[in-house]
Amino acid sequence: MINNILRGNVLDALIPISRFNKGEANKIFDEVRLSGYKIVVKNNAPACVLLAPERYKELIELIDDHYLLSLAEERLKSDNAPTIPFEKILAEDGITIADLEAMEDVELE
């Protein structure tokens, strides 16, 4: 989604707030659904960004992923970071390496 915004023409995404006053909200929401986002302009300055729910979800997931990555990198840099052997974690859940090898492959998106 970020690439779509960067590649897209930002000028096409700008809409004046006066369109809401003219009763065009439904039409604007349809445009947001198609394009993914619109930037509402008030007094020639961006006032807000309208995002389609799917785009909002993508952004939140991207932020979450970035946070988790930075947290993992920070923990890996720490010399005092406690580690738990993989086998101990499996044992706590009653799982063996043989159990893992016998499982079917799972595809993650």
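Below, the structure is looked at part by part. (Residues numbered from 1 in each chain as written. Predicted model: local features only at pLDDT ≥ 70, side-chain atom pairs only at ≥ 80, totals over all residues. Heavy atoms only, no water.)

**Focus on the environment of Leu 50**
1) Next: With respect to the helices and strands, the residue Leu 50 is situated in strand β3 (residues 45–51).
2) Next: The spatial distance from the C-alpha of Leu 50 to the C-alpha of Pro 85 is 47 Å, given a sequence separation of 35 residues.
3) Next: Residues in contact with Leu 50, not counting those within four places in the same chain, are Ile 15, Phe 20, Ile 28, Val 32, Gly 36, Tyr 37, Lys 38 and Val 40. (Helix = DSSP H or I, 4+ residues; strand = E, 2+ residues; numbered from the N terminus. Contact = heavy atoms within 4.5 Å.)

**A look at the sheet that holds β3**
Each strand in a sheet pairs with another by means of backbone hydrogen bonds, the pair being arranged parallel or else antiparallel.
1) Next: Strand order in the open sheet formed by 3 strands is β1-β2-β3, and the pairing between neighbours is mixed. Two strands in the sheet have a free side with no partner beyond their single neighbour: β1 (14–16) and β3. The average angle at which neighbouring strand axes cross in this sheet is 35°, direction not considered.
2) Next: As paired elements, β1 and strand β2 (residues 37–42) share 3 bridges and run parallel to each other. Looking at the pairing, Pro 16 lines up with Val 41 of β2. (Pairing = 2+ DSSP bridges. Axes fitted to C-alpha atoms, helices over the stretch in contact; angles between N-to-C directions.)

**Considering the side chain of Arg 19**
1) Next: On the secondary structure map, Arg 19 appears in helix α3 (residues 18–21).
2) Next: Within the structure, the side chain of Arg 19 is placed 2.7 Å from the side chain of Glu 24, a separation counted as a polar contact.
3) Next: A polar contact is formed between the side chain of Arg 19 and the side chain of Glu 31, at a distance of 2.9 Å.
4) Next: Non-local contacts of Arg 19, meaning those with residues more than four positions away in its chain, are made with Glu 24, Lys 27, Ile 28 and Glu 31. (Polar contact = N/O pair within 3.5 Å; in protein donor to acceptor, adjacent residues only side chain to side chain.)

**Here we look at the pattern of salt bridges**
1) Next: Across all of its chains, the model carries 6 salt bridges by this definition.
2) Next: A salt bridge links Glu 24 to Arg 19, with the nearest nitrogen and oxygen atoms 2.7 Å apart.
3) Next: Under the relative-accessibility criterion, Arg 19 is labelled buried at 14%.
4) Next: A salt bridge links Arg 19 to Glu 31; its shortest N-O distance comes to 2.9 Å. In this pair, Arg 19 is assigned in helix α3 and Glu 31 in helix α4 (residues 25–35), connecting sequence segments 12 residues apart.
5) Next: Beyond isolated ion pairs, a larger network of salt bridges with shared partners links Arg 19, Glu 24, Glu 31 and Lys 38. (Salt bridge = Lys/Arg side-chain N within 4 Å of Asp/Glu carboxyl O. Buried < 20%, exposed > 50% of the residue type's maximum accessible area, 1.4 Å probe, protein only.)

**Concerning unusual backbone geometry**
1) Next: Even without being glycine, Asn 43 reaches a positive phi, approximately 55°.
2) Next: Here Asn 43 lies in the loop between β2 and β3.
3) Next: Assessed through its relative accessible area of 71%, Asn 43 is described here as exposed.
4) Next: Of note, the phi angle at Asn 44 is positive, near 65°, even though the residue is not glycine.

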